[in-house]
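Close look at the chain arrangement
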Amino acid sequence: MKAAFLVLFAALAAGCGSAAGAGGQATLWVTRDRGAVVVRAVQVPAGESAAQGLDRVAKVQTRYGGRYVRAVDGVAEHGRSSWFYYVNGYLADRSAADYRLRPGDVEWWDYRSWRDPAQDPVVVGAFPEPFLHGYDGKRRPALVVTADPAAGHALARLLRGRWVKPGTALPANANVLIVRSGPSRFSARLAGQAVRMTFSGDWHRLLRGRYPFRFRYAAR
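Let us look at the structure shown here. Throughout, residues of each chain are indexed from 1 in the direction in which the sequence is written. It should be noted that, the model being predicted, local features are given only for residues of pLDDT at least 70 and side-chain atom pairs only at 80 or more, the latter also being counted only at that level, while totals for whole chains, interfaces and linings use all residues. For the side-chain quantities, the full set of heavy atoms in the structure was used; hydrogens and water were omitted.

Next up on the list: the environment of P183. Elements are defined by DSSP. Helices are runs of H or I of four residues or more, strands are runs of E of two residues or more, and each kind is numbered from the N terminus. For P183, the location among the structural elements is in the loop between β11 (175-180) and β12 (185-191). For the pair P183 and N88, spaced 95 residues apart in the sequence, the C-alpha separation amounts to 26 Å. P183 has contacts with S200 and G201, leaving out every residue within four places of it along the chain. Contacts between residues were defined by any pair of non-hydrogen atoms, one from each residue, lying within 4.5 Å.

Structure (structure tokens):
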């Protein structure tokens, strides 16, 4: 299992490409324990690699020619606790040396325990990402599914998408936010490579600039 983890998260190289739009800023977070402890939340230049962004603000130890982050600020992998990184809520599919930050990206490093290195492939803590900036410079259409027209219109504006009523056929390539009534919960899953986020509770909370679920994998 450990060997498979290293192969998956240290050796993957999908090619870096060029960052869309030179200049601008990206956001970088460093947390621990699935976002329960926030260590850093800063701005870094877009156009650099995710590895370069992290190296700007923290003391980093790497392996495999800088392609695998082993330790951040002295907190090193141990047993089944390691550093994972997300971009706009997606668990990254390549080395941080190979991901180029775009303006508006949220680069998020979290030190956590794991059972399967591919668990938690998408999380809610970077909302309204990935609706706004997508992944690797590719933004999917955004849909808001709710029976409440006020919520639908307001959230569609936030996500630069459109509102559809429940029961509408959803295109496979769209990132979808489903809003329901009920106890407060917020979760995310992948449908292929598209995101399906489900929120229940007071939808006005999704419009606030400082979200109570920020930095979290899921909220309830």
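The residue E77 is located in the loop between β5 (75-76) and β6 (81-87) in this model. The buried label goes to any residue with under 20% of its type's maximum accessible area, the exposed label to any with over 50%, and the partly exposed label to all in between, with areas taken from a 1.4 Å probe on protein chains only. When its relative accessible area of 10% is taken as the criterion, E77 is described as buried. Here the side chain of E77 touches Y68 through a polar contact of 2.5 Å, side chain to side chain. Polar contact is the term for a pair of N or O atoms within 3.5 Å; when the atoms are in protein, one must be able to donate a hydrogen and the other to accept it, and sequence-neighboring residues count only if both atoms are side-chain atoms.

Now for the sheet that holds strand β1 (residues 25-32). Should DSSP find at least two bridges between two strands, the strands are taken to pair. A sheet is described by the order of its strands in space; here 5 strands give the open sequence β2-β1-β8-β6-β7, paired in mixed fashion. Either end of the sheet is taken by a strand with one partner, and the two such strands are β2 (37-45) and β7 (90-91). Relative to β2, β1 runs antiparallel, the two being bridged by 8 bridges. The residue bridging L28 from the neighbouring strand is V42, located in β2. A fitted line through C-alpha atoms represents every axis, and for helices the fit uses only the stretch in contact; the resulting angles, taken between N-to-C directions, go from 0 to 180 degrees. Most of the contacts of helix α2 (residues 50-57) go to strand β8 (residues 106-113), to which it runs at about 75°, and overall it touches β1, β2, β6 and β8.

To continue, consider the sheet that holds strand β9 (residues 142-145). Pairing is mixed in the open sheet, where 5 strands are placed in the order β10-β9-β11-β13-β12. The two strands at the open ends of the sheet, each matched to only one other strand, are β10 (162-164) and β12. With strand direction ignored, the average angle separating the axes of adjacent strands in the sheet is 20°. Sheet topology places β9 next to β11; 4 bridges connect them, and they run parallel. Opposite L143, over in β11, you have V176 as the bridge partner.

What follows deals with the packing of aromatic side chains. The pairing test for Phe, Tyr and Trp rings, Trp by its six-membered ring, is centres within 6.5 Å, and the orientation test on the planes gives stacked under 30 degrees, edge-to-face over 60, and tilted for anything in between. Under the defined criterion, the tally for this structure stands at 17 aromatic pairs. Ring centres of W108 and Y217 lie 5.9 Å apart, and the angle between their planes is 85°; this geometry places the pair in the edge-to-face category. Remark: Y217 occurs in the segment after β13 (194-200) and W108 occurs in strand β8; sequence separation between them is 109 residues. Judged by relative accessible area, Y217 falls into the buried class, the value being 9%. Considering the side-chain rings of Y211 and F213, the 5.3 Å spacing of their centres and the 15° angle between planes classify their relative orientation as stacked. A single burial state applies to Y211 and to F213, both of which are buried. By way of ring pairs, the aromatic residues F127, F131, F186, F199, Y211 and F213 are connected into one cluster. Counting as a charge over the ring demands two things of the Lys NZ or Arg CZ atom: a distance within 6 Å of the ring centre and an angle within 35 degrees of the ring normal. The cationic tip of R80 hangs over the ring face of W114; the distance from NZ or CZ to the ring centre is 5.1 Å. Here R112 stacks its cationic end above the ring of F84, 3.8 Å away from the centre of that ring.

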